[in-house]
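Here are the chains, one letter per residue:
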Amino acid sequence: MALLQLSEPGQTPMPHQRRLAAGIDLGTTNSLIAAVRNGIAETLPDESGRHLLPSVVQYRGGHSPIVGYSAKERSARDPANTIVSVKRLMGRGVNDIVKLANQLPYQFQDSESPVPRIVTEAGAYSAIEVSAEILKALKARGEETLGGSLEGVVITVPAYFDDGQRQATKDAAKVAGLNVLRLLNEPTAAAIAFGLDRQAEGNYVVFDLGGGTFDVSVLRLNRGVFEVLATGGDSSLGGDDMDHAIADWIIETSGTKDVSDRTLQRRLLNSACAAKESLTDQATTLVEVEIGSGRIWREPLTRAVFNERIEPLVQRTLTACRRALRDASLETADVREVVMVGGATRVPRIREAVHDYFGRVPLTDIDPEKVVAIGAALQADILIGNKPDSDMLLLDVIPLSLGVETMGGLVEQIIPRNTTIPVARAQEFTTYKDGQTAMSIHVVQGERDLVSASRSLARFELRGIPPMAAGAARIRITYQVDADGLLSVTAMETKTGTASSIQVKPSYGLSDVEIETMLRDSYEHARDDAGARALLEQQVDADRLVDALGAALAEDGATLLSVSERASIDAALQALRTARGGNSVDAIRNAISEVDRASAEFAARRMNAGIKRALAGKSLSEVKEL
Amino acid sequence: MSITLTDRAADRVKSFLTKRGKGIGVRLGVRSSGCSGLAYVLEFVDDVDSHDQIFEDHGVKIIVDPKSLVYLDGTELDFAREGLNEGFKFNNPNVKNMCGCGESFTV
């Protein structure tokens, strides 16, 4: 059976109407996907428990592209076909690329098209298509984890992205088959993750030091909306530069002369990265690296030495902060909070420098690598409508459930009570009889299972349903309650689009006392209602069977059945009619199985006769084509 | 009348309640809907209604309204993992038929 998630009070989704939404941090170095499950926004890991997806795509001739860790591992061996940091190329025209081309290991296609394409052994691809591969991998992970298809996503982009770069990101999502609810600025997403959107108005700084890029943004929160006052940073400054700083220290201290070997460079950087990470919690770490043939070099590295080595990088981040504040015409004292984003902000020296500069402790409670994706997931959850009590201004609830009458005088709830408005919920129904061309829709209110015990709000008819077999038509009934509590009900036959609708004001004339009485009644009658529902459901089943079998007998009974066979079916049918008139659920259920058994042979013969009719007069070759 | 939780389900509920930062327990319920009659409700609880019945198992409060209890008596709530997907499962002895997707059922 489907696995269920815990919902907020009153927010359990209708079956098959769970609205799955996710937040995507489409990063330069790494990307993540996050979603709200069981009331908590969290990033979604892959099968190996890894949350990050390296933003690396490798194209191979004759194969589908590889995305993520395995592509990253191959990037050193196959640089021309492995695209890294594609985000830097998003929305860039041929002219922009010419400037970057010397720094990139890729070959660009010569063409008239304004969109530059990277030539790989599997063909030429634009930055949009490469990004789409990353998004597809995240989409697959999200859909597998959440157990359904994603209805919408929020994708984050840097605050400085221009319209072209934003449009390119949207196009990539379209190529990946994702519906973009909204593009969200990365610093805003981080602020939302920390819940700053629900705090006092004021100015906030988001300090985002990633693997290869540094962004600082100054935001102003005004009436629940974040406005970007200024952005700054350095597109080639990040945690990787700290790794290079440590690698340089290893080269100097060990006296290594020749570092032209690529494998050695890789080993140096890997050891440097490991040393950087362990210095987050420890004051000293032992650096071990194989230099030269089999020679292992070991030397302790203290945090003090590390800090000294990265100090020029730290100062560059602070210079960018100073400039951004100046652009926003603010002093450090005007900043309410500083949010830390990006893996490199785990480095203690960075936190200390930011603390000293802004004169306040920066916010670091949420994993800095995941915080942007988490904020995007929170926003997606609100936009898809799973959390109407969050950002919606009007907070009103429906006092009693709204439903529709179904066969047998039963109520099918469409909108449960205590749902916040505005709200729209739809459900599909079908026809009960062959050739049925109209349907009467009875709108009711209340908590009871029986129409007779509920309050009738309105009735209307949907006409013009094309004649079809019972159960083949699809009638979509939509209940919509607007912010003023006005209910409109629409019934639409989905094939032809024939529709009919009505408006009612459901709470009209109901006092609180009446509502309370209706609620209490439903609890007191719970057991009776359950029994009545079971009985009515069986009766509906019985009627359907009697009708269907009656029609079949009228058509084929005389030709396919002997007199005695016919008599035994008639007897079973008569027994069912009698049981149908009584009020024993089991008796009706048994009588239905009895009719099923008595008519099984008849049904089989009808099937055979039908096939014979279909094949009659056809040659063998014609039949094969069927 | 009883409603219970497996160890795994209890651990998850407790951790979700802690992370959420508020709430006194979980609400189990049913409502009429779906392709096969009734559908499950599984929610955090902030306020208990005066009509509600409260059960306690593994230190977790389980809140059920009297109307739903008729359909849920004897149910055990479990937490399961299927590939990357994970979530709660109702082991409900009252269920006779389930729709293919398992989101709704009849008793």
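What this report covers is the structure whose coordinates are included nearby. Note that the structure is a prediction, hence the values are computed from the model and not measured. (Residues numbered from 1 in each chain as written. Chains lettered and ligands numbered in written order. Predicted model: local features only at pLDDT ≥ 70, side-chain atom pairs only at ≥ 80, totals over all residues. Heavy atoms only, no water.)

### So, the interface of chain A and chain B
Argument step 1. If you look at the interface, chain A gives 49 residues, while chain B gives 41 residues.
Argument step 2. For the pair chain A and chain B, the two sides together bury roughly 4000 Å², of which 57% comes from carbon and sulfur.
Argument step 3. Between Lys67 of chain B and Asp449 of chain A there is a salt bridge whose closest N-O contact spans 3.0 Å.
Argument step 4. If you look at where chain A meets chain B, you find seven residue pairs in polar contact (both at pLDDT 80 or more).
Argument step 5. Taken together, the elements giving at least two residues each to the side of chain A that touches chain B come down to strand 3 (40-43), helix 3 (127-146), strand 21 (410-415), helix 12 (512-524) and helix 13 (526-560) of chain A.
Argument step 6. Counting residues per element, the side of chain A that touches chain B draws most heavily on helix 13 of chain A, at five residues. (Contact = heavy atoms within 4.5 Å. Buried area = accessible area lost by both parts, 1.4 Å probe. Salt bridge = Lys/Arg side-chain N within 4 Å of Asp/Glu carboxyl O. Polar contact = N/O pair within 3.5 Å; in protein donor to acceptor, adjacent residues only side chain to side chain. Helix = DSSP H or I, 4+ residues; strand = E, 2+ residues; numbered from the N terminus.)

### Points about unusual backbone geometry
The phi torsion of most residues other than glycine is negative, and most of the peptide bonds are trans.
Argument step 1. In this structure, Asn38 of chain A is a non-glycine residue whose phi angle is positive, near 50°.
Argument step 2. Summarising the element assignment, Asn38 of chain A is placed in the loop between strand 2 (30-37) and strand 3.
Argument step 3. The class of Asn38 of chain A is buried, set by a relative accessible area of 4%.
Argument step 4. One non-glycine residue, His58 of chain B, lies in positive phi territory at about 55°.
Argument step 5. Assessed through its relative accessible area of 35%, His58 of chain B is described here as partly exposed. (Buried < 20%, exposed > 50% of the residue type's maximum accessible area, 1.4 Å probe, protein only.)

### Things to note about the nonpolar core
When a protein is soluble and globular, its nonpolar side chains tend to lie buried together.
All names here are of chain A.
Argument step 1. Phe207, Met242, Ile350 and Phe358 are the most contacted members of the largest nonpolar core, which totals 46 residues.
Argument step 2. Setting aside its immediate chain neighbours within four residues, Ile350 contacts Phe207, Leu209, Met242, Val314, Met340, Ala344 and Thr345.
Argument step 3. Listed in part, the 39 residues of the second largest apolar core include Leu20, Ala22, Val86 and Tyr106. (Core = buried A, V, L, I, M, F, W, Y, C linked by side-chain atoms within 4.5 Å.)

### Focus: the sheet that holds strand 8 (residues 107-108) of chain A
Residue and element names in this part refer to chain A.
Argument step 1. With respect to topology, three strands assemble into an open sheet ordered 8-9-10, the strand pairing being antiparallel. The open sheet has two free edges, formed respectively by strand 8 and strand 10 (123-126), since each of these has just one partner strand.
Argument step 2. Set on the sheet, helix 3 makes contact with strand 9 (117-120) and strand 10; between it and strand 10 the angle comes to about 85°. (Pairing = 2+ DSSP bridges. Axes fitted to C-alpha atoms, helices over the stretch in contact; angles between N-to-C directions.)

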